[in-house]
Amino acid sequence: MSIKPLNWPVFRQLRSKDPFGRDASTKSKKSEEKIGRTVEADKVVQSVCPYCAVGCSQRVYVKDDRVIQIEGDPDSPVSRGRLCPKGAASEQLVNSATRLTKVKYRAPYSTEWQYLDPDEAMDMIVDRFLESRANGWEDADDEGRPLNRTMGIAGLGGATLDNEENYLIKKLFTASGAVQIENQARI
């Protein structure tokens, strides 16, 4: 392979009437044949970045039922198409080879993990939630004043949830009688 320095982009740029390198001097056959990652997408799905409470809107590009690219949504009044480095890396979160896609459970005092059916795992969570609620329930204080609360459960919301999700979680825990409800964003 022979190197032709006179065909290098910088020489082409200087020889042509393109001193700023914005025209034909920067183009090559290879760059002309390239296409964008999102051009071949089957569909575009609206989403919200999962990382913080800002709620940046995302466009998720899907091809053959697989996410191929995630970009900021320029129509979003929140982020106007911009994403932070973590939000821009959302595609890596979705397509990671180390991403868990099955429910794993380790029984108390066990050293081994086992896979559970999602319905079985949800039933276990509900049973434990209700048992803790019942075991910590207080109808009234020592003077007979009604309390109708439980000290057996508490809630800690996260900043990765949006306002609506945190609102619903707060309502769930309040309706369950919990009084110890906090959010990571306040801590």
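The shown structure was predicted, so the numbers you read here are calculated from the model rather than taken from an experiment.

### What to know about the sheet that holds strand β8 (residues 178-183)
The strands making up a sheet are joined through hydrogen bonds of the backbone, oriented either antiparallel or parallel.
Inference 1: The three strands are arranged β6-β7-β8 in an open sheet whose pairing can be described as mixed. The open sheet has two edge strands with one neighbour each: β6 (137-140) and β8. For this sheet, the mean angle separating the axes of adjacent strands, direction not counted, is 25 degrees.
Inference 2: Each of β6 and β7 (146-157) is contacted by helix α5 (residues 118-135), which is oriented at about 140 degrees to β7, the strand it contacts most.
Inference 3: Along the sheet, helix α6 (residues 163-175) contacts β7 and β8; its crossing angle with β8, the most-contacted strand, is approximately 160 degrees.

### Section: the packing of aromatic side chains
Inference 1: Taken as a whole, this structure holds one aromatic pair when the rule is applied.
Inference 2: Note on F129 and F173: the rings are 5.8 Å apart at their centroids and 75 degrees apart in plane angle, and the pair reads as edge-to-face. Remark: F173 occurs in helix α6 and F129 occurs in helix α5; sequence separation between them is 44 residues.
Inference 3: The class of F129 is partly exposed, set by a relative accessible area of 23%.
Inference 4: Cation over ring: K102 sits above Y115, and NZ or CZ is 5.6 Å from the ring centre.

### A few points about a negative patch on the surface
Inference 1: A cluster of acidic residues, D117, D119, E120, D123, D127 and E131, forms a negative patch at the surface.
Inference 2: Within the secondary structure, D117 is located in the loop between β5 (114-116) and α5.
Inference 3: For D117, a relative accessible area of 43% translates into the label partly exposed.

### What about unusual backbone geometry?
Inference 1: Phi is positive for D64, which is not a glycine, with a value near 55 degrees.
Inference 2: For D64, a relative accessible area of 60% translates into the label exposed.

The rules we used
Residues numbered from 1 in each chain as written. Predicted model: local features only at pLDDT ≥ 70, side-chain atom pairs only at ≥ 80, totals over all residues. Heavy atoms only, no water. Pairing = 2+ DSSP bridges. Helix = DSSP H or I, 4+ residues; strand = E, 2+ residues; numbered from the N terminus. Axes fitted to C-alpha atoms, helices over the stretch in contact; angles between N-to-C directions. Contact = heavy atoms within 4.5 Å. Phe/Tyr/Trp six-rings, centres within 6.5 Å; stacked < 30°, edge-to-face > 60°. Buried < 20%, exposed > 50% of the residue type's maximum accessible area, 1.4 Å probe, protein only. Lys NZ or Arg CZ within 6 Å of the ring centre and 35° of its normal. Patch = residues over 30% accessible without salt bridge, like charges linked within 9 Å, V, L, I, M, F, W, Y side chains within 5 Å. Areas by Shrake-Rupley, 256 points an atom, 1.4 Å probe, with all protein chains shown as cover. Salt bridge = Lys/Arg side-chain N within 4 Å of Asp/Glu carboxyl O. Lys, Arg positive; Asp, Glu negative; His and termini not counted. Charge placed at Lys NZ, Arg CZ, Asp CG, Glu CD.

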